[in-house]
Amino acid sequence: MAVTIQQLTQWKEAGRSIISLTAWEYSLAQVLDLAGVDIILVGDSLAMVGLGHNSTLPVTLDEMIHHAKAVCRGVKKALVVCDLPFMSYQASITQAMEAAARVLKETDAAAIKLEGGSSRIVETVAELTAVGIPVMGHVGLTPQSFRILGYKQQGKTIENANLIIDQAIALQQAGAFAIVLEHIPRDLAATITSKLTIPTIGIGAGNKCDGQVLVTADLLGLSAKQPPFAKSYVNLRQVISDAVQEFSQEVQNKEFPQS
Ligand code: KIV
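Student: Got a sec to walk through the environment of Gln258? Specific residues and values, please.
Tutor: By the secondary structure assignment, Gln258 is in the segment after α11 (236-252). By relative accessible area, Gln258 is classed as exposed at 80%. Between the C-alpha atoms of Gln258 and Gln153, which are 105 residues apart in sequence, the distance is 54 Å.

Written as structure tokens, this is what we have:
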């Protein structure tokens, strides 16, 4: 049975942690889905881990849709969420509606994610959910705002922590079905998680969130550079390099193909 948005809230209530990873292409998505990942996020981290950009800003809506289509072809069970990229939703509510509608019409993604918790973004989330577009929020470190925030931990002062709490509550009230909490202190994430009825999905936000997400390139050791809070469970760069060396050697030695 496919994962539903309603199930996520039930899992929060039951204390069952939600597992989320990013994907940007078909075969990776298929493996993640078969391995039992609950939410597969076509994150705009695609810009960096899949397309080689220095930040998430350059990726376009067309590129997100192209990759989301490939991911969806590989997924049977997980809930697929697709990021709206930088400046595909910030300019106006109409722009956000059009971008989200394209994602839902042109791909099989079940929901979109967008960043921020300002009153402008909260209003956008309310308008999107009012017309039946499921929205995942994202507060704390929001990489699309790195030119203002940098990549440093957010919520370290009482004022900033209170702001992030208020943003998360406002996003829930606007109809968001879950919220990513990125790079904030564990205690702040715990407070937000206890105040919300919708699930929080943490990344660099401690172990008190309702679920955890990682950029899969980091988990697999594929990223050339990764944030301090990420964890690699395997060094695929090394594994791939070793396999290429072995192939190369066998070809040089006329051992492959065998005849
Ligand atoms: O783009 C992305 O991969 C994300 C995750 C870090 C949550 O937004």
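After that view, the rundown keeps rolling.
Student: Summarise the site of the ligand; cite the residues concerned and give the values.
Tutor: Surrounding the ligand, one finds 13 residues, the nearest of these being Gly43, Asp44, Ser45, Asp83 and Lys113. Interatomic distance of 3.0 Å between a side-chain N/O atom of Asp44 and an oxygen atom of the ligand. Contacts to the ligand include Ser45, whose side-chain N or O atom sits 2.5 Å from an oxygen atom. With the chains in place, 95% of the 260 Å² that the ligand exposes on its own is no longer accessible. Placement of the ligand is best described as lying within the largest pocket. Classifying every residue of the shell around the ligand by side-chain character gives 5 nonpolar, 4 polar and 4 charged.

Student: With reference to specific residues and values, describe the environment of Arg120.
Tutor: Mapped onto the elements of the fold, Arg120 is located in helix α6 (residues 119-130). Beyond its immediate sequence surroundings of up to four residues, Arg120 is in contact with Gln90, Ala91 and Ser92. Among the polar contacts listed, one links the side chain of Arg120 to the backbone oxygen of Gln90, at a separation of 3.0 Å. Within the structure, Arg120 has its side chain in polar contact with the backbone oxygen of Ala91 (distance 3.0 Å).

Student: Please set out the nonpolar core residue by residue, giving values where relevant.
Tutor: In terms of nonpolar packing, the biggest core is built from 61 residues, with Leu84, Ile112, Leu114, Leu181 and Ile192 touching the most fellow members. Among the elements that line this core, the one with the most residues is helix α4 (residues 61-74), at 6 residues. Beyond its immediate chain neighbours, meaning those up to four positions away, Ile112 contacts Val81, Cys82, Leu84, Ala100, Val103, Leu128, Ile133, Pro134, Val135 and Met136. Listed in part, the 17 residues of the second largest apolar core include Trp11, Ile39, Leu41 and Ala111.

About the criteria used
Residues numbered from 1 in each chain as written. Predicted model: local features only at pLDDT ≥ 70, side-chain atom pairs only at ≥ 80, totals over all residues. Heavy atoms only, no water. Helix = DSSP H or I, 4+ residues; strand = E, 2+ residues; numbered from the N terminus. Buried < 20%, exposed > 50% of the residue type's maximum accessible area, 1.4 Å probe, protein only. Near = heavy atom within 4 Å. Polar contact = N/O pair within 3.5 Å; in protein donor to acceptor, adjacent residues only side chain to side chain. Areas by Shrake-Rupley, 256 points an atom, 1.4 Å probe, with all protein chains shown as cover. 1 Å grid on protein atoms, 1.4 Å probe; cavity = no way out; pocket = protein on both sides within 12 Å on 5 of 7 lines; lining within 4 Å. Sits in = over half its atoms within 2 Å of the grid points. Nonpolar A, V, L, I, M, F, W, Y, C, P; charged D, E, K, R; others polar. Contact = heavy atoms within 4.5 Å. Core = buried A, V, L, I, M, F, W, Y, C linked by side-chain atoms within 4.5 Å.

That's the geometry; what it means functionally is another story.
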